[in-house]
Amino acid sequence: MNNSELINKTITFVKEKLNDAEGGHDWFHIERVYKNALLIAKNTPCDITVVQLGALLHDIADSKFHNGDETIGPRTARLFLESENAPEDIITHVVNIIENISYKGGNFEKKFTSVELDIVQDADRLDAIGAIGIARAFHYGGFKDRTIYDPKIDPVTNMTKEEYKKNNAPTINHFYEKLLLLKDKMNTETGKQIAAERHRFMETFLSQFYAEWEGEK
Ligand code: ADP
Ligand code: NI
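Every chain is numbered independently, its residues counted from 1 as its sequence is written. Chains carry letters from A onward and ligands carry numbers from 1 onward, assigned in written order. For a predicted model such as this one, the threshold for reporting local features is a pLDDT of at least 70, and the threshold for listing and counting side-chain atom pairs is 80 or more; totals across whole chains, interfaces and linings nevertheless cover every residue. Side-chain metrics in this entry use all non-hydrogen atoms of the structure; hydrogen atoms and water are not considered.

With an unreviewed UniProt entry as reference, the chain is termed HD domain-containing protein, source organism Flavobacterium shii.

Listed below in structure tokens is the structure:
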């Protein structure tokens, strides 16, 4: 099987698998990450097949929706790629990408490094910021029945993760907890450039949001 056949089969597999996924992690998220990854890969020497497969399979079975089971995503991807007779070195690399891509609060140390992982991770992070990132955050907040903002809860305080959860923190807090930190975590030059633009857009959004909240604009 040639590479484009394998990619097409993977697209069909992922679309089917994510058929009833929630809106922040559906096929459209994968498609955007795939496009971001191709854009970054254009400017970065890499194994494009690994980048494509990594982007397509990175959220194939999110542990959040499988009782915290961290092994199900990598396992599902491996079984699929084996069933398509993909070369073992490609399978191992893609599985390493899936195992190491997650943000995990920022304290997570990457156990595996490769330029292909850097690209897919940047592509995934880009989808968490900018206009799409804002939409996904409020979508997720609604899914969790969170308020959008509560001026009594200072979004810039250093609440611990546990405190956030206990307080069922408003969605605006997520910007300070994660989204505004992502631009400084980008790996690739192209990723950094796009992230800087999306970051500015989020800052504009937040200042407009607070001004509207106060009836100032
Ligand atoms: P990823 O797809 O990179 O693994 P997550 O699964 O952590 O990211 O989150 C998926 C989407 O939901 C992201 O856009 C993220 O910003 C958003 N999200 C995650 N946690 C929260 C939260 N506590 N409040 C609002 N949005 C959130
Ligand atoms: Ni993702």
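Read on, since the account is not over.
1. Describing the coordination of the nickel ion (ligand 2)
Here is the rule: The donor set covers N, O and S atoms within 2.8 Å of the metal, switching to 3.2 Å for Na, K and Ca, and it leaves out water, so a site may look short of donors. Square planar and octahedral sites, with four and six donors, are those where opposite donors lie more than 155 degrees apart and all other angles lie between 65 and 115, tetrahedral sites have four donors with every angle between 85 and 135 degrees, and the rest are irregular. Secondary structure elements follow DSSP: runs of H or I of four or more residues count as helices, runs of E of two or more count as strands, with numbering from the N terminus.
Coordination of the nickel ion (ligand 2) by the protein is provided by His-29 (NE2), His-58 (NE2), Asp-59 (OD) and Asp-124 (OD), with metal-donor distances spanning 2.1 to 2.3 Å. What the four donor atoms of the nickel ion (ligand 2) show is an angle range of 82 to 168° at the metal, which sorts the shape as irregular. Summarised as a motif, the one-chain spacing of the donors to the nickel ion (ligand 2) is H-x28-H-D-x64-D. Linking His-29 in helix α2 (residues 27-42) with Asp-59 in the loop between α3 (48-57) and α4 (72-83), this pair joins segments that are 30 residues apart in sequence.

2. A closer look at the side chain of Asp-150
Quick reminder of the rule: In protein, a polar contact means a hydrogen-donor-capable atom and an acceptor-capable atom, both N or O and within 3.5 Å, with residues adjacent in sequence counting only if both atoms are side-chain atoms; elsewhere, any N or O pair within 3.5 Å suffices.
For Asp-150, the location among the structural elements is in the loop between α7 (130-143) and α8 (161-167). At 2.9 Å, the side chain of Asp-150 forms a polar contact with the backbone nitrogen of Lys-152.

3. Examining the packing of α2 against α3
We apply this condition: Under this scheme, a helix contributes an axis fitted over its contacting stretch, all axes are lines through C-alpha atoms, and angles between N-to-C directions fall in the 0 to 180 degree range. An angle below 35 degrees is read as roughly parallel, one above 145 as roughly antiparallel, one from 65 to 115 as roughly perpendicular, and any other as oblique. By convention, the crossing between two helices is left-handed when the near helix turns anticlockwise from the far helix through less than a right angle, and right-handed when the turn is clockwise. Contacts between residues were defined by any pair of non-hydrogen atoms, one from each residue, lying within 4.5 Å. We call Asp, Glu, Lys and Arg charged. Ala, Val, Leu, Ile, Met, Phe, Trp, Tyr, Cys and Pro are nonpolar, and the rest, Gly among them, are polar.
With their axes 8 Å apart at the nearest point, α2 and α3 run at an angle of 155° to one another. Between α2 and α3, the interaxial angle falls into the category roughly antiparallel. Viewed along their axes, α2 and α3 form a crossing whose handedness is right-handed. On α3, the residues that touch Trp-27, Ile-30, Val-33, Tyr-34, Ala-37, Leu-38 and Ala-41 of α2 are Ile-48, Val-51, Gln-52, Ala-55 and Leu-56. For the contact of α2 with α3, a count of residues per class yields eleven nonpolar, one polar and no charged.

4. Brief notes about the environment of His-66
Relative to the helices and strands, His-66 is located in the loop between α3 and α4. Taking the C-alpha atoms as reference points, His-66 and Lys-111, 45 residues apart in sequence, are found 23 Å from one another.

5. As for the nonpolar core
Condition: The set of buried Ala, Val, Leu, Ile, Met, Phe, Trp, Tyr and Cys residues whose side-chain atoms join them within 4.5 Å is what this entry labels a nonpolar core. Exposed residues in this analysis have more than 50% of their type's maximum accessible area, buried residues have under 20%, and partly exposed residues fall in between, with area computed by a 1.4 Å probe over protein chains only.
If you look at the biggest cluster of nonpolar residues, it comprises 52 residues, and the most contacted ones within it are Val-14, Leu-56, Leu-57, Leu-81, Val-94 and Phe-175. Ranked by residues supplied to this core, first place goes to α2 with seven residues. The residues contacting Phe-175, other than those within four sequence positions of it, are Ile-134, Phe-138, Leu-180, Met-202, Phe-205 and Leu-206.

6. Here we look at unusual backbone geometry
Even without being glycine, Asn-85 reaches a positive phi, approximately 55°. Its place among the elements puts Asn-85 in the loop between α4 and α5 (88-100). Backbone geometry at Asp-145 places phi at a positive 60°, although glycine is not the residue there. Within the fold, Asp-145 resides in the loop between α7 and α8. When its relative accessible area of 67% is taken as the criterion, Asp-145 is described as exposed.

7. Things to note about the pattern of salt bridges
How we decide: Each reported salt bridge corresponds to a side-chain nitrogen of Lys or Arg within 4 Å of a carboxyl oxygen of Asp or Glu.
Enumeration over the complete set of coordinates arrives at eight salt bridges. Glu-84 is the partner of Lys-9 in a salt bridge, and the nearest nitrogen-oxygen pair spans 3.4 Å. Here Glu-84 lies in the loop between α4 and α5 and Lys-9 lies in helix α1 (residues 3-17), a separation of 75 residues in the sequence. A salt bridge links Lys-183 to Asp-184; the shortest N-O distance between them is 3.2 Å. For Lys-183, a relative accessible area of 29% puts it in the partly exposed group.

8. Observations regarding the packing of aromatic side chains
What describes a pair of aromatic rings is the distance from one ring centre to the other and the angle between the planes of the rings. Counted only if it meets this: Pairing of aromatic rings covers Phe, Tyr and Trp, the last through its six-membered ring, and needs centres within 6.5 Å; plane angles under 30 degrees mean stacked, over 60 mean edge-to-face, and all others mean tilted.
The tally for this structure, following the rule as stated, stands at eleven aromatic pairs. Taking the centre distance of 5.8 Å and the plane angle of 25° together, the rings of Phe-209 and Trp-213 count as stacked. Placement of the pair is Phe-209 and Trp-213 together in helix α10 (residues 189-213), with a separation of four residues, close to one helical turn. One aromatic cluster is present, formed by Phe-138, Tyr-149, Phe-175, Phe-205, Phe-209, Tyr-210 and Trp-213 through successive ring pairs.

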